[in-house]
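Reading the structure
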Amino acid sequence: MAVYTDVAADELAEFLAAYDVGEVLSYKGIAEGVENSNFLLHTSAGSFFLTLYERRVARGDLPFFLGLMTHLASHGISCPQPVKMRSGATLGTLAGRPAAIIEFLEGVWPRKPNVAHCAAVGQVLAKVHLAGRDFPMKRANALSVSGWRPLFEQAASRADTLQHGLRQLMSDELDHLEKAWPKHLPEGVIHADAFPDNVLFLGDRLSGLIDFYFACNDILAYDVAICLNAWCFESDHSFNVTKARAFLNAYGRERKLSGPEEAALPLLARGAALRFLLTRLVDFLNVPPGALVRPKDPLEYVRKLRFQQGVSSMRDYGVAAAGLLA
């Protein structure tokens, strides 16, 4: 979450007049994240998130995102629900941006994920993949392998200002992944951004999965790979096999990975590392002037990419090569 577009009090009051959410008591911008402008909104009816959609989020994709949250909630997955206007619509316009009010979920995201957190994420991710099977809407993943070269070209000329040799590393990896990317693995709805700051907990209990604005249809095991990178490394950049085992086993108890999915997981994890390296690098190099935003460190994903390049099988993730451990 972040704030790129400021909202004046009179504009907000006019926008909220279409809703039954009471009177505004306070609202404040949230500085985390990189995609949309977000505000914590307190009214006489309760607390909500107000989101203004911008940058990579296309207005035409918003019905998919908002509809998916409603669909997943109907399947017992705790995720925030879009608040309807009196007209029944869930999407309006505020400060020249598409905007929605989203229910507030209790919980905090884990700054230092533990094994229980990783297991809970594995379980809910598998449940999302299963629940998405009968979601009728489709959205292609614009940030899958076909979208990485344009990102590389945006950042290549300045990449070595962050780290010597970074341009060549990304170029070589991109060449490899474009040739080797799997084409016949199970696909469906994926979250595509289930990082710790998008998962809420009350203690060790997962209380909500949030920020579905990268959700799309893609390889299911790619979502697993994204989470391996996001949840299973320590602050010193070492890979935690115990966390990976807990995450993968919990996922597998809900939805077992097939043999081809397991075999492809190290390659998918390399792709996930490159994808977030590229998008973080582009964001880092192009922060809008005056934006209330903290760009995430691209070099974190250089280290993760180098680790994943050395993975040869599921055993390196702490699970048996022939199938997930019981």
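Structure first, text after, so check above.
We now turn to the structure provided with this report. Model, not experiment: these values are computed from the prediction.

Let us look at the packing of helix α6 (residues 220-231) against helix α8 (residues 259-285). Direction vectors running N to C along α6 and α8 enclose 60°, while the axes themselves pass 8 Å from each other. Taken together, the axes of α6 and α8 lie oblique to each other. The way α6 lies across α8 gives a crossing that is right-handed. Judged by residue contacts, L220, A221, Y222, V224, A225, I226, L228 and N229 of α6 engage E261, L265, L268, A269, G271, A272, A273, R275 and F276 from α8. Per-class residue counts for the contact of α6 with α8 are 13 nonpolar, 2 polar and 2 charged.

So, about the state of the cysteines. Applying the stated criterion across every chain, the model contains 0 disulfides. Between C79, a free cysteine, and C227, which holds the nearest cysteine sulfur, the sulfur-to-sulfur gap is 15 Å. Unpaired in terms of disulfides, C216 finds its nearest cysteine sulfur in C227, a separation of 13 Å.

Per the counting criterion, the structure on display carries 11 salt bridges. Between E300 and R280 there is a salt bridge, with the nearest N and O atoms lying 2.9 Å from each other. Within this pair, whereas E300 is found in helix α9 (residues 299-309), its partner R280 is found in helix α8, the two being separated by 20 residues in sequence. Owing to a relative accessible area of 23%, E300 belongs among the partly exposed residues under this scheme. Here E300 ties to K304 by a salt bridge, and the two come within 2.7 Å at their closest N and O atoms. Of this pair, E300 and K304 both sit in helix α9, 4 residues apart, roughly one helical turn. Residues joined in a network through salt bridges with shared partners are R149, D175 and E178.

This part covers α8. The terminal C-alpha atoms of α8, which comprises 27 residues, lie 40 Å apart, in line with the 39 Å expected from a rise of 1.5 Å per residue. The sharpest bend along α8 comes to roughly 45°, located at L265, with the proline P266 sitting one to four residues further on.

Turning to the packing of helix α3 (residues 115-131) against helix α7 (residues 241-254), a few remarks are in order. In contact at an axis separation of 7 Å, α3 and α7 are set at 30° when each is read in the N-to-C sense. One element, α3, and the other, α7, form an angle in the roughly parallel class. Considering only the axes of α3 and α7, their crossing is right-handed. On the side of α3, the interface is formed by V115, C118, A119, V121, G122, Q123, L125, A126, K127, H129 and L130, while α7 contributes T242, K243, A246, F247, A250, Y251 and E254. Classifying every residue of the contact of α3 with α7 by side-chain character gives 11 nonpolar, 4 polar and 3 charged.

For the rest of this paragraph, the subject is a negative patch on the surface. Among the surface-exposed residues, D6, D10, E11 and E14 lie close enough to one another that they form a single negatively charged patch. Tracing the sequence through the fold places E14 in helix α1 (residues 9-16). With a relative accessible area of 65%, E14 lands in the exposed category.

A complete count under the given rule lists 17 aromatic pairs for this structure. An angle of 75° between the planes, with centres 5.4 Å apart, marks the rings of F64 and F135 as edge-to-face. Here F64, found in helix α2 (residues 62-74), pairs with F135, found in the loop between α3 and α4 (148-159); they are 71 residues apart in sequence, far enough to count as distant. Each member of the pair, F64 together with F135, is buried. Seen from their ring centres, F195 and Y301 are 6.3 Å apart, and the 40° between their planes marks the pair as tilted.

Basis of the calculations
Residues numbered from 1 in each chain as written. Predicted model: local features only at pLDDT ≥ 70, side-chain atom pairs only at ≥ 80, totals over all residues. Heavy atoms only, no water. Axes fitted to C-alpha atoms, helices over the stretch in contact; angles between N-to-C directions. Helix = DSSP H or I, 4+ residues; strand = E, 2+ residues; numbered from the N terminus. Parallel < 35°, antiparallel > 145°, perpendicular 65-115°, else oblique. Left-handed = near helix turned anticlockwise from the far one by under 90°. Contact = heavy atoms within 4.5 Å. Nonpolar A, V, L, I, M, F, W, Y, C, P; charged D, E, K, R; others polar. Disulfide = S-S within 2.5 Å. Salt bridge = Lys/Arg side-chain N within 4 Å of Asp/Glu carboxyl O. Buried < 20%, exposed > 50% of the residue type's maximum accessible area, 1.4 Å probe, protein only. Expected span 1.5 Å × (residues − 1). Bend = angle between axes of the 7 residues up to and from the residue. Patch = residues over 30% accessible without salt bridge, like charges linked within 9 Å, V, L, I, M, F, W, Y side chains within 5 Å. Areas by Shrake-Rupley, 256 points an atom, 1.4 Å probe, with all protein chains shown as cover. Lys, Arg positive; Asp, Glu negative; His and termini not counted. Charge placed at Lys NZ, Arg CZ, Asp CG, Glu CD. Phe/Tyr/Trp six-rings, centres within 6.5 Å; stacked < 30°, edge-to-face > 60°.

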